[in-house]
Protein chains: 2
Amino acid sequence: MTTHTASDVPPGILYGLGVGPGDPELITLKAARVLNSVDAVYAAASSKNSYSLAVSIARPHIPDRTPIHMLQFPMISDGGARQDAWTANARVLIEAVEAGRRVAFITLGDSMTYSTYGYVLREIKRQAPHLPVISVPGVTSYQAAAASLNTPLVEAEESLLVVSGACGGDHLRHCQALPDTVVFLKAYRNVDDIVTALTEAGRLETSVGVTRCSQPDERITRDVRTFRGRQASYWTLILSKKRRDDEPPVAD
Amino acid sequence: MTTHTASDVPPGILYGLGVGPGDPELITLKAARVLNSVDAVYAAASSKNSYSLAVSIARPHIPDRTPIHMLQFPMISDGGARQDAWTANARVLIEAVEAGRRVAFITLGDSMTYSTYGYVLREIKRQAPHLPVISVPGVTSYQAAAASLNTPLVEAEESLLVVSGACGGDHLRHCQALPDTVVFLKAYRNVDDIVTALTEAGRLETSVGVTRCSQPDERITRDVRTFRGRQASYWTLILSKKRRDDEPPVAD
């Protein structure tokens, strides 16, 4: 990265913003302020679907004059093509910042939890390790799900395991001592195996599915076995708690 | 709980608000709006220390006319006395709501993650299971720590384990397959054993301590062994990542 003096080009910066799980009010004051002040906003679009829930949450905080750019992050299994897309997208952001612009890359939920921004950040560290970057955390879907269910995720000496549905139920099977709470994000992937692992662990009756959490059409599924044999929604997570003697199961 | 008609008493409600990790801007719009609209705000005070960081974050959003009440949650090991305090504090909130008041109970970080509100909620479910309660999630300290370090917590097929320092390093030892990322909250408790477990797991060089995360005097400790043999701050967490071939360790 080229170094500029203050009189040369104004200092550019990249903000990585988590905008929360879906409810437009679950964005932080900080993310809202940054959105109001930057020169441009970038968001990820899958090549199949340019609609971005993150953009719809952010939009009320973005002045009309501020451009919003969609970056294509193709959801494909071809590692080479995917890497090329990440490299090119990171390049777009780096060039904007090096030209002195203040830009925000927005992501649903938390910027550091299974987000596209994680890949962007990795590429930026590789291509431009000294680029000014500020990451702003956001509320995750599993926190919003626990709030919606009025059930604590973890208390006192309990443990919380957060995994992606990409691994099915294997992370749960690999625990000698079962975590008190397990969250399966992106449970639409391998949902049959996740339900099998929960059954093996004796935790069916304390597991609950939450779909489109914190959005107006949020849906709660008390019997996660009903997910079996059909495609669960992309927006589905499963929250599984250890049975406690002193409270009713979460699925009640 | 007694049922009132609309013309009788206005409907009371309890909001459980997570106000974020410390940075006053990391509160959500929703928590800020609720604080501005309720009839009273309640927060936990330990019997040793009535200062509440949660109150200082919330205060700019609370109108001058709105009372702020500190509830004593003694940090003692006597289970009976502690339970009595929780029961009494829950009773205060229940009575306020049953009298038709809209009240908020605030908690640092997320309302559902190792929070005093979790105990309050349990007691309310026991004493007044039909009380109107809305929980509002907040950003946690470990999300803010990852953002501060510009390092993703989890990506792709990785797993995240969140534990309390109350158990030392045992949760980590009980994983057959090591989680990709482990967060030790309240690492001041049993910090020696946590550091030992990280050493056993070969993860010293990818672990980092963050103290007073997102606050003006945030401090980052690259070598967590320096916590050994002395009292780590109450506000310390340790973030430990699996070494990845394609990125520098988090502690660099």
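The structure displayed is predicted, hence computed values, not measured ones.

Q: Is there a simple way to think about the packing of aromatic side chains in this case?
A: Each aromatic ring pair is summarised here by two numbers: the centre-to-centre distance and the angle between the ring planes. All names here are of chain A. In this structure the tally under the stated criterion is 10 aromatic pairs over all chains. A ring pair is formed by Y234 and W235, whose centres lie 5.3 Å apart and whose planes are at 90°; its orientation type is edge-to-face. Residue classification places Y234 among the partly exposed positions, given a relative accessible area of 36%. Within the aromatic cluster, the residues linked to one another by ring pairs are F73, F105 and Y117.

Q: Explain the interface of chain B and chain A here, please?
A: By a widely used convention, the size of an interface equals the accessible area lost when the partners come together. Tallying the contact residues gives 60 residues for chain B and 60 residues for chain A. Here B:E25 ties to A:R33 by a salt bridge, and the two come within 2.5 Å at their closest N and O atoms. Applying the counting criterion to the chain B and chain A interface returns 33 residue pairs in polar contact (both at pLDDT 80 or more). Contributions of two or more residues to the side of chain B that touches chain A are made by helix 1 (29–37), helix 4 (116–127), strand 5 (133–136), helix 5 (141–148), strand 6 (160–164) and helix 6 (170–173) of chain B. The sheet contact formed by strand 6 (residues 160–164) of chain A and strand 6 of chain B spans three bridges and is antiparallel. Looking at strand 6 of chain B, one finds that A:V162 is bridged to B:L160.

Q: I would appreciate a short explanation of the relation of the copies chain B and chain A in the present structure.
A: In summary, the two copies of the chain are related to each other by a rotation about an axis coupled with a shift along it. Overlaying chain B on chain A yields an RMSD of 0.0 Å, the required transformation being a rotation through 180° with an accompanying axial translation of 0.0 Å. Considering both components of the superposition, the chain copies are consistent with a two-fold axis. Both copies present the same face, since 100% of the interface residues in chain B are matched by interface residues at the equivalent positions in chain A.

Q: Quick question: what am I supposed to make of the packing of helix 3 (residues 79–98) of chain A against helix 4 (residues 116–127) of chain A here?
A: Residue and element names in this part refer to chain A. At their nearest, the axes of helix 3 and helix 4 sit 9 Å apart, and the two run at 70° to each other. Of the possible angle classes, the one that applies to helix 3 and helix 4 is roughly perpendicular. Across from Q83, W86, T87, A90, R91, L93 and I94 in helix 3, the residues of helix 4 making contact are Y119, V120, E123, I124, R126 and Q127. For the contact of helix 3 with helix 4, the class distribution of residues is seven nonpolar, three polar and three charged.

Q: When you look at the sheet that holds strand 3 (residues 68–72) of chain B in this model, what are you seeing that I'm missing?
A: Hydrogen bonding along the main chain pairs the strands of a sheet, whether they run parallel or antiparallel. All names here are of chain B. Ordered in space as 3-2-4-1-5, the five strands form an open sheet in which the pairing is parallel. Each having just a single partner strand, strand 3 and strand 5 make up the two edges of the open sheet. Sheet twist, expressed as the mean angle between neighbouring strand axes with direction ignored, is 25°. Here helix 4 sits on the sheet in contact with strand 1 (13–18), strand 2 (40–45), strand 4 (102–107) and strand 5, set at roughly 160° to strand 5.

Q: What should I look at first to understand the environment of A:D110 in this one?
A: Position of A:D110 among the secondary structure elements: in the loop between strand 4 (102–107) and helix 4. Here A:D110 falls in the buried class, since its relative accessible area comes to 1%. On a C-alpha basis, the gap between A:D110 and A:S141 in space is 8.5 Å, while along the polypeptide they are 31 residues apart. Residues contacting A:D110, with those up to four places away along its chain left out, are A:G18, A:S115, A:P137, A:G138, A:V139, A:T140, B:Q143 and B:L153.

Q: Can you help me understand the environment of A:I124 in this one?
A: Looking at the secondary structure, you find A:I124 in helix 4. Not counting residues up to four positions away in its chain, the partners in contact with A:I124 are A:L14, A:A90, A:I94, A:P129, A:L131 and A:V133.

Q: Sorry if this is basic, but what is going on with the pattern of salt bridges here?
A: A side chain with one charge can pair with a side chain of the opposite charge if their charged atoms come near. Residue and element names in this part refer to chain A. Counting across every chain of the model gives 24 salt bridges over all chains. Note that R173 is salt-bridged to E200, the shortest N-O span being 2.8 Å. Taken together, the residues span a long stretch of sequence, with R173 in helix 6 (residues 170–173) and E200 in helix 7 (residues 191–200) at a distance of 27 residues. The class of E200 is exposed, set by a relative accessible area of 54%. Note that D180 is salt-bridged to K242, the shortest N-O span being 2.6 Å. Placement of D180 in the loop between helix 6 and strand 7 (181–185) and of K242 in the segment after strand 10 (236–241) is noted, with a sequence separation of 62 residues between them.

Q: Would you take a moment to explain helix 7 of chain A for this structure?
A: The periodicity of an α-helix, 3.6 residues per turn, causes residues three or four places apart in sequence to face the same way. Residue and element names in this part refer to chain A. Considered for burial, the residues of helix 7 that qualify are V191, I194, V195, A197 and L198. When helix 7 is viewed along its axis, its buried side chains cluster within an angular range of 160° and face the same direction. In this fold, the buried residues of helix 7 make contact with helix 6, strand 7, strand 8 (207–211) and strand 10. G202 occupies a position one or two residues after helix 7 and carries a positive phi of about 70°.

Q: I keep staring at the nonpolar core and nothing clicks. Help me out?
A: Generally speaking, a soluble globular protein has its nonpolar side chains buried in company with each other. Core analysis: the biggest nonpolar cluster contains 118 residues, and A:I106, A:Y142, B:I106 and B:Y142 have the highest contact counts within it. Dropping the residues within four chain positions of it, A:Y142 is found in contact with A:T113, A:L153, A:L160, A:V162, A:V183, A:L185, A:L237, B:Y142 and B:L160. Core analysis: the next-biggest nonpolar cluster, separate from the first, contains 34 residues, A:V163, A:A187, A:V195 and B:F184 among them.

Q: Where do I start with unusual backbone geometry in this structure?
A: Excluding glycine, residues mostly have negative phi values, and the peptide bonds linking residues are mostly trans. At A:N190, a residue that is not glycine, the phi angle is positive and equals roughly 60°. Among the secondary structure elements, A:N190 is positioned in the loop between strand 7 and helix 7.

Q: In this structure, what is going on with the sheet that holds strand 5 (residues 133–136) of chain A? I would like to understand it.
A: Residue and element names in this part refer to chain A. Across the sheet, which stays open at both edges, the five strands sit in the order 3-2-4-1-5 with parallel pairing between neighbours. Each of the sheet's edge strands pairs with one partner strand only, and the pair in question is strand 3 (68–72) and strand 5. The average angle at which neighbouring strand axes cross in this sheet is 25°, direction not considered. Across four bridges, strand 1 (residues 13–18) lies against strand 5 in parallel orientation. Bridging from a neighbouring strand, L14 pairs with V133 of strand 5. Against the sheet, helix 4 contacts strand 1, strand 2 (40–45), strand 4 and strand 5, and its axis sits at roughly 160° relative to strand 5.

Procedures and definitions
Residues numbered from 1 in each chain as written. Chains lettered and ligands numbered in written order. Predicted model: local features only at pLDDT ≥ 70, side-chain atom pairs only at ≥ 80, totals over all residues. Heavy atoms only, no water. Phe/Tyr/Trp six-rings, centres within 6.5 Å; stacked < 30°, edge-to-face > 60°. Buried < 20%, exposed > 50% of the residue type's maximum accessible area, 1.4 Å probe, protein only. Contact = heavy atoms within 4.5 Å. Salt bridge = Lys/Arg side-chain N within 4 Å of Asp/Glu carboxyl O. Polar contact = N/O pair within 3.5 Å; in protein donor to acceptor, adjacent residues only side chain to side chain. Helix = DSSP H or I, 4+ residues; strand = E, 2+ residues; numbered from the N terminus. Pairing = 2+ DSSP bridges. Least-squares fit on C-alpha atoms with pLDDT ≥ 70 in both. Axes fitted to C-alpha atoms, helices over the stretch in contact; angles between N-to-C directions. Parallel < 35°, antiparallel > 145°, perpendicular 65-115°, else oblique. Nonpolar A, V, L, I, M, F, W, Y, C, P; charged D, E, K, R; others polar. Arc of directions from axis to C-beta. Core = buried A, V, L, I, M, F, W, Y, C linked by side-chain atoms within 4.5 Å.

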